[in-house]
Structure formats: structure tokens, C-alpha cells
Protein chains: 2
Amino acid sequence: MNKVQPRTLPGFMELLPKEQVLFNQMKEKIQKSYEKFGFLPIDTPVIEMAEVLLAKAGGETEKQIYRFQKGDTDLAMRFDLTVPLAKYVTEYYNELSFPFRRYQIGKVYRGERPQKGRFREFYQCDIDIIGDGELSIINDAEMPSVIYNTIKELGFEDFTICMNNRKLLSGLFEQLQLQEKSVDIMRIIDKLEKIGEQNVIECLQDLEIEEENINTIMKFIRIEGTTDEKLKALEELNFTNETFLQGLQELQQVIKYVRIFGVPDTNFKVDFTIARGLDYYTGTVYETFLNEYREIGSVCSGGRYDNLAEYYTDRKLPGVGVSIGLSRLFYKLNELQALQEEQKSIAKVLVISMVEEPAKAIEVANELRKNGIATEVYLEEKKIKAKFKYADRLAIPYVIVMGEDEIANNTVSLKEMQTGKQETLSLEQVMERLK
Amino acid sequence: MNKVQPRTLPGFMELLPKEQVLFNQMKEKIQKSYEKFGFLPIDTPVIEMAEVLLAKAGGETEKQIYRFQKGDTDLAMRFDLTVPLAKYVTEYYNELSFPFRRYQIGKVYRGERPQKGRFREFYQCDIDIIGDGELSIINDAEMPSVIYNTIKELGFEDFTICMNNRKLLSGLFEQLQLQEKSVDIMRIIDKLEKIGEQNVIECLQDLEIEEENINTIMKFIRIEGTTDEKLKALEELNFTNETFLQGLQELQQVIKYVRIFGVPDTNFKVDFTIARGLDYYTGTVYETFLNEYREIGSVCSGGRYDNLAEYYTDRKLPGVGVSIGLSRLFYKLNELQALQEEQKSIAKVLVISMVEEPAKAIEVANELRKNGIATEVYLEEKKIKAKFKYADRLAIPYVIVMGEDEIANNTVSLKEMQTGKQETLSLEQVMERLK
């Protein structure tokens, strides 16, 4: 028989079980954290009608889409979880309660050129709060609180949630009568950290912005100090533009409530260079950096938008949300050996029989499982050394040995694999130990 | 702006949040149950190279595949989790430990004609144990134990795991020199329950099987009694065919160990009519029925196979596994109003502020979340009635009201939504109550 060479497509992440265990632990922690804030789960199809999925898309995104025909239907695979959310909220509007707080954790697809740490299939972990017509600004302060709790759950302490409000930038540009160049300027400012101040100035000059205006822009994004000092400096700019003033007021409110939500000042800051590429965002924007692993880039980003679903409905659906790109985050942390490695195995204990019939070993496993302890019985006929090696390779922390003595005395031998320490115990004692 | 009508593709399941909560609870229970037996998670891509995915497929399956080109690559979406497992085990053979016990819970795709309760995108929840060269028959007895624990976790008591061994049927056909018609006969026998005994006989006559042989086949599948009586009756057939005798011996071993694994006789039986359509299976086969909801069909099926990956490798990789088709099971149970509805909400409590600034409400929520209680704060400016209605629509079981009195006295008012009972308590008392 001719064999086919089994292989996985380039750009598609596939993990060995030990890594998968760690990946799943991260995914579960994110989910539990989102649920602690009462976000509701939804699970939309991976495939949608191309017309629906691409209602808004264009440019780079559209080129990356997996799009194909099945019968007469033009189909596409989702490339994010935001468009499916817009579809979902519009489609089931009458059956949902607002504010609609949903999380979705799922795979999305982008046929990008594969490169290290970029995947064509990857998990996004999204939360959004959608208002019906309006949505309190306090929701913008809850997001950093969810981010804070989630990143802490993932085991990190030293991280910074950076916040800005796009109305400050828009207002500034209006004040300087640079509205038309607004999107271009934001893109340049967004790159400040990457390209440096001098390059930003040159890029602004390339846009034919007057010297004086460049100075004003640079003065604005150079504002330094504590969060409160920055807010004060914004006031002292004495700008009169309404958009700017609204942005300032929103930012003040958000900062006030972020503190009430319990996010310490050490874990957030105002950063006027954060604009986010997408013109979709209209107010508060977020990026989150692990300070020890700054090279990963933002691990959790998002913002406030005025209209979730304007390409589906006239209904005004403002929202605020953030997203964690889990596959990339996992890949990068793994590469940097920065993963929390609490438990790399699923089974907590492997039961090994020293006698031919593993009946007693199975009975011990039954009891352990009844008590919630993940247990595996080694059922193959192999030498004892091979059985221990199996436990070792799977990183199972404990091995129980059932030999003639143990069976006769109604005891078990428990070996802790890391220390090599072996004890003869009653089954009850083992359960106490392993719980 | 021209609006696109947002809609979901026919045959694709999409649930409202309250149903999604129940669906996720089922999924999580299955996962936890699989993990209690030490199965390791894997997560393969939804898209594979068509050549790899369709190495073995053909006929009906191939027609249903979502297959398409992206650039020069011929791609296909997975239609089950078994082919990806075969790929995975062959691809990572050197890095895996055997027996390799894996679970995978994920979406698969089949472009079937949509009909009620049949989905084009659906979740499968698979476990398999793969041996390297050989695999102890005792693993065939562990499967019913996993099924038993999993179905019980899902809240059912009255269910039957039906078992057979295909070697009994194959051996019988060999004995009768009907090997060439073996696959056809098995398909007919498999339909016994659906079409009745008389139709089975007629179908066998259509295959031009002699009267005497039909009688022998019918005698075999008519064997009744307790499990032990059935095993005894098999022995008393005094067949000499080796395949048959091997099947008998395997079945005896499996039954013996199924009992040792703690599956009560009331939850399993031997059923000689179960053959499973696929010729892939070579030994033990399983089907599981909820006796109160027999119309759903088997909710968990599978069996033993000799070669997981013969189209990829010469290596012999025998295995045994079962699968739950979760989307269909959920749909059917929901339709029959047979779902366990423990908790339809994610948030356990909604905190409502009666004063304009919800600062105190947020602080209470912070504390509850710190103690692991899923909490939502109602942040919009609405009438108190609307806030309670929101809790009610979301089925959130408790509401905490923070008014001037509560803030002044450092207490909270806790209302249990189902009973309407309202109490003034300290925050500590509330946490005791809600934990």
C-alpha cells in the first residue's frame, strides 16, 4: 500500500501533549477569569457566509481570508471574533439582554505568510460589553480590571496596562486643523516606541505638517510623570477643542474607576502614544505589556467603539472590549521559557501492578478517581523499569505500586517521582496526600 | 449605507447564551471525566492538507468534505478526530509515550444535507488508547468504565453500554464460509433494532444465503439472558472457528474487567447485533443508549481497531476508543427537555447601586471576585426595576443592593431571586452564603 506522508500545514500550531497541557491551563485560566466578571459564553461557527463575514473587511484582511465555494454558497472562515459578535448581536438582538457581556474563546484563520510566532490558525480570547444605544464610561474602567485579574491569574506580576483615549488625539488634530491627516498621524505616533522620536518627527514632516504643529504634537506625546501629573498636564494644555475636552473627561473618569476596581497604580499607566491601528476605536484604547518580556509586544489590547455593527444594522451598538491572542502569547512565552509549569501531566498518579492480574491496581484507581484524583493504570505487560519510565516521561508526579505484599496487607506503596521517596500507606492516607 | 443581512449558515449550530452555558457545562464535564482517567489533551488544526486528510476516505465521506484551494495548496477541513489522530501519532511517534492515551474535544465539519438535529459543524469528544505494536485487551474494558463515569457525570443513571466483539461475527461467517458476504451481513444485523427480525431474514435471503446458515446466524443473534448466560450460550455453540474462539475469549476478558473497573451489571450488556458500520473495527465494539431517550440513538460509540494509521505507516498501531457526538446529543436532550439545568447563568450575583456613584458596589464586587464568586456590577443608569429585570432575564440567582443605608452601615442587602427573600448581611456573611 502506498503511504501518504503525514504532515501538518506550515503556520498551523500543533503541540505535544505536555505543551498542550500547559496551553490548556492558560486557556482555562483566562476563561475562569472572564467568567468571574460574569461574561457569558458564545460559540459562533468557524464558517460563515462570505457576504456576512466580509461586509466590512477590505484590504489586507480580505486577502488573508480562507474563502471558498461549497455547492452554490460563497463561504469564508472567520478571521476574528468581532465580526461574528456583530453578526450575533444583530441576529439575536431581541433575545439578548443589554448591556450584553460576552466572552468567546476560539480559533480564527488568517492565511498570512507563515513566519516564526505568527499562525494561520490561532486562538483569540475576547471579551466585549455591548450597550443598546449607550454604554456607561465606567465599563471602560472595568476592562483594565479584567485584564489585571487575568494576567495575574496567568502568573505574572510585573505588567503594565497602557491606556489612552483617542478623542485626545482626534481633538488635538482638530484643534490643529489636521483632521484629514488624523489617521496617518495616529499610525506614526503608534510607532513611536519602535522607530524613536526623531523618526516620528521626520515622518510627520513627510506629511507636510508645519513645524509649530509638529511641536505641539510632540509636546503632547512627550508628557511625562505619574498618572495624576499627566492628567494635570492635559488640563494645563488649555485646549478648547470639544472632542479633546470630552476625551480628557472620559480619561479622568476611567482612571478614577480603574482605581476603584482595584487595579494598583503600579500596573497601569496613561500612554499618549497608544492609538491602535484600527479606526474602529473611538475612545479609550488599551495595550498590555509584560515588562520582563517587552519584546512580545502587547498581550492584551482593545478599546471602545461607537458602532459594533453598522454594516448590519442602523441600531447604535456601542461597546468596549479587549482580546488576548493566546496562540502567539503561548508560543512566545514558551520560547522565552517563561511559562508557568505547575503541572505538565494530566494524571496525578500512575498505578502499577507487580502481579500478573492488575485487578487490585484497577480497584485502587477506581477509589482514587471517585475521590477526584486523576489516575491512570498501567495495563500493558512490561518490565517494571519500563513502567516507571513511562510515568517519568509523562511527568506523572506519583506512582503507586501494587505488589503481593501490598495486596496481602491491604496497603499501597506510594512513590513521589521527583524525590524518589517511597512510603507504604493505607489508601485513605494516599488520598489525603494526593488531594 | 447598504446593510448586509446578518445570518448564520443552515446546519450550523449557534446557541443563545443561556443554552451555551448548559452546552459548555456538558463539554466541561466530559473533559473532566476524560482527564480523571489520565487522558492527555491534543488539539490538531481544523484545516489539513487534503492529501493527508483524505488518505483513506472515499465514498460518502469524501463527498461531504469541505475542500478548497488556498494558493497552490489543496486543503480540507477535518471531518472527524480519528484521521487527525492517526496523522498526529505517526508524525510525532518518536516523541510520544505508549500506550498513548489522548482525548480531543473539537469541532469537525461535514457538508451533509442539513436536517433537524444533524449539523455541518459539530463537536466530537474522543478518547483513544494507542499501543505501539500491541495493546492489552484490558484497555477494552477501561472504555466502558470511562463511558460509565462520563454519562453519570452528565447526570444520567438509566443507560446501557452495549458491547460485542466483531470477531464473534467474523468467526461465525468464516465457520459458515460466508466471509465474502461478511460486511453486508454485518450491516444487515446492525439494523435489527430498526427493521425487525423478519426484515433481517429477508435481507439475508436476498444475499442468497442458505436457509440453514440463516438459521445459525439468527440463533446466534437471538441469544438472550444475563451477561453470564450469554457468555455460556456462546461456549455451548461449540464453534471451532479460531476467530470466533478468540472473540469469545476477548469478550470474556472484557466482561471480567469491566466489572473490576466498577461498572455495574445494570449499566452494561452484551448485544450480538451491534456490529458498527465501519470495517475499521476489528474486535470489541460499543454503543451506549440512554434508556429513557432511546430515540436519540447511541450517545457514545466506538471500538477496537488493529491499525490506526496504515495509510501513513507500516508501523502497527492498534487502539481502542470511543466518541461522543456532543452537538447532536445536546440538541436532542434540549429538544426532549432532558438537560441538566444546574445553573443557566455565569454570574452568581449582580451588584446594583442605588446611589449615583457605583463605587461602593464595585468594591463589593471586587471582594466577591477575590473570593472566587462570579460577580457582575450593573453599571448603566437605569431604573431599579430595569436592573432587577436584567438579573431576572439572565437568571442570575442573587442580587446585592447597595443603597445609602447599606453604605452607611457597612452592610449589603442580599436578595435571592427565586424566593424573593431579602436580607441585610455583612459582606462576610454574604460570602459564606454564596460560596
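Residues numbered from 1 in each chain as written. Chains lettered and ligands numbered in written order. Predicted model: local features only at pLDDT ≥ 70, side-chain atom pairs only at ≥ 80, totals over all residues.

It is worth spelling out the overall build of chain A at this point. Helix and strand content of chain A: 17 helices and 16 strands. Along the longest, intermediate and shortest principal axes, the C-alpha atoms of chain A span 90 × 60 × 45 Å. A total of 435 residues make up chain A; the buried ones form 46% of that total. In chain A, of all internal contacts separated by at least 6 residues, the share reaching a separation of at least 24 is 69%. (Helix = DSSP H or I, 4+ residues; strand = E, 2+ residues; numbered from the N terminus. Buried ≥ 20, exposed ≤ 12 C-beta atoms within 10 Å, placed from the backbone. Contact = placed C-beta atoms within 7 Å.)

Let us look at the sheet that holds strand β2 (residues 47-49) of chain A. Residue and element names in this part refer to chain A. If you walk across this open sheet you meet the three strands as β2-β4-β3, and the pairing is antiparallel. Both outer strands of the open sheet, β2 and β3 (67-70), are each paired with one neighbouring strand and no more. On average, each strand axis in the sheet is inclined to that of its neighbour by 40°, with strand direction left out of account. Note that β3 and strand β4 (residues 73-77) share four bridges and pair antiparallel. Within β4, the position partnered with Arg 67 by the bridge is Ala 76. (Pairing = 2+ DSSP bridges. Axes fitted to C-alpha atoms, helices over the stretch in contact; angles between N-to-C directions.)

A few words now on the environment of A:Gly302. All names here are of chain A. You can see Gly 302 is positioned in strand β10 (residues 301-305). The class for Gly 302 is buried, based on 25 C-beta atoms found within 10 Å. A sequence separation of 139 residues divides Gly 302 from Met 163, and the C-alpha atoms of the two residues are 9.8 Å apart. Once residues within four sequence positions are removed from consideration, Gly 302 is found in contact with Met 143, Tyr 286, Gly 321, Val 322 and Ser 323.

Between chain B and chain A, the contact holds 75 residues from the first and 75 residues from the second. Its residues assigned to classes, the side of chain B that touches chain A comprises 38 nonpolar, 14 polar and 23 charged. (Nonpolar A, V, L, I, M, F, W, Y, C, P; charged D, E, K, R; others polar.)

Residues and elements named next belong to chain A. Most of strand β5 (residues 100-109) sits out of view: eight of its ten residues are buried. Of the strand pairs in this sheet, strand β1 (residues 40-41) and β5 are connected by two bridges, and their pairing is parallel. Within the sheet, the bridge partner assigned to Pro 41 lies in β5 and is Tyr 103. Relative to strand β6 (residues 121-130), β5 is paired through ten bridges, and the arrangement is antiparallel. By the bridge assignment for β6, Ile 105 is matched with Cys 125.

Residue and element names in this part refer to chain A. Taken residue by residue, helix α15 (residues 384-393) has Lys 387, Tyr 390 and Ala 391 as its buried positions. One side of α15 carries all its buried residues, which in axial view fall inside an arc of 95°. Turned more than 90 degrees from where α15 packs its buried face, Lys 385 and Ala 386 sit exposed. As for α15, its buried residues are in contact with β12 (349-353), β13 (375-378) and β14 (398-402). The first or second residue beyond α15 is Ala 395, which carries a positive phi of 60°. (Arc of directions from axis to C-beta.)

What follows covers the relation of the copies chain B and chain A. In the superposition of chain B on chain A (RMSD 0.1 Å, axial shift 0.0 Å), the rotation amounts to 180°. In symmetry terms, the pair is related by a two-fold rotation axis. Residues of chain B ranked by C-alpha distance from the rotation axis are headed by B:Phe68, positioned 3.0 Å from it. (Least-squares fit on C-alpha atoms with pLDDT ≥ 70 in both.)

Here we take up the packing of helix α1 (residues 17-36) of chain A against helix α13 (residues 326-335) of chain A. Residue and element names in this part refer to chain A. Viewed as axis vectors pointing N to C, α1 and α13 meet at an angle of 130°, and their least axial separation amounts to 11 Å. Taken together, the axes of α1 and α13 are oblique relative to one another. Of the two elements, α1 crosses α13, and the hand of that crossing is right-handed. Contacts between α1 and α13 involve Glu 19, Phe 23, Met 26, Lys 27 and Ile 30 on the former and, on the latter, Leu 326, Phe 330 and Asn 334. (Parallel < 35°, antiparallel > 145°, perpendicular 65-115°, else oblique. Left-handed = near helix turned anticlockwise from the far one by under 90°.)

Further remarks concern the nonpolar core. Within the largest apolar cluster, 264 residues are counted, with the highest numbers of intra-cluster contacts made by A:Val89, A:Val351, A:Ile400, B:Val89, B:Val351 and B:Ile400. Apart from residues no more than four positions distant in its own chain, B:Ile400 is found in contact with B:Val349, B:Val351, B:Ile352, B:Val364, B:Val412, B:Ser413, B:Leu414 and B:Val430. (Core = buried A, V, L, I, M, F, W, Y, C linked by C-beta atoms within 7 Å.)

By the assigned domains, chain A splits into domain 1 (17-44 + 81-335) and domain 2 (349-434). Measuring from the centre of the C-alpha atoms in domain 1 of chain A to the corresponding centre in domain 2 of chain A gives 50 Å. (Domains from an automatic or database assignment.)

Turning next to helix α7 (residues 182-190) of chain B. Along α7(B), the residues classified as buried are B:Ile185, B:Met186, B:Ile188, B:Ile189 and B:Asp190. On its buried side, α7(B) packs onto α6 (166-175), α8 (192-195), α9 (197-206) and α10 (211-221) of chain B.

Now for the confidence of the model for chain A. When pLDDT is averaged along chain A, the result is 94, and 98% of the positions lie at 70 or above. For this predicted complex, the interface score ipTM comes out at 0.95, alongside a pTM of 0.96. (pLDDT = per-residue confidence, 0-100.)

Turning our eyes to something else, we now look at the sheet that holds strand β4 (residues 73-77) of chain B. Residue and element names in this part refer to chain B. With respect to topology, three strands assemble into an open sheet ordered β2-β4-β3, the strand pairing being antiparallel. This sheet does not close on itself; its edge strands, each paired only once, are β2 (47-49) and β3 (67-70). Averaged over all adjacent pairs, the angle separating strand axes in this sheet is 40°, with direction ignored. In the sheet, β2 pairs with β4 via three bridges, with the strands oriented antiparallel. Looking across to β4, one finds that Glu 48 is bridged to Ala 76.

As a further point, take the environment of A:Val89. Residue and element names in this part refer to chain A. With respect to the helices and strands, Val 89 occurs in helix α4 (residues 82-91). Classification of Val 89 by C-beta neighbours within 10 Å gives buried; the count is 25. In the structure, Val 89 is positioned 35 residues away from Gln 124 in sequence and 19 Å away in space, judged by C-alpha atoms. The contacts of Val 89, once residues within four sequence positions are left out, are Leu 96, Phe 100, Ile 130, Leu 308, Ala 309 and Leu 317.

Attention shifts here to unusual backbone geometry. All names here are of chain A. Cis rather than trans, the peptide bond between Phe 98 and Pro 99 has omega equal to -5°. We note that Gln 177 has phi near 55°; this positive angle belongs to a residue other than glycine. Residue position: Gln 177 is located in the loop between α6 (166-175) and α7 (182-190).

Time to look at the pairing of strand β16 (residues 422-425) of chain A. Residue and element names in this part refer to chain A. Where strand β15 (residues 412-416) lies against β16, four bridges are found, and the strand directions are antiparallel. Bridge pairing in β16 places Leu 414 opposite Glu 423. Counting the residues in the hairpin turn of β15 and β16 gives five residues, including Gly 420, whose phi is positive at 80°.

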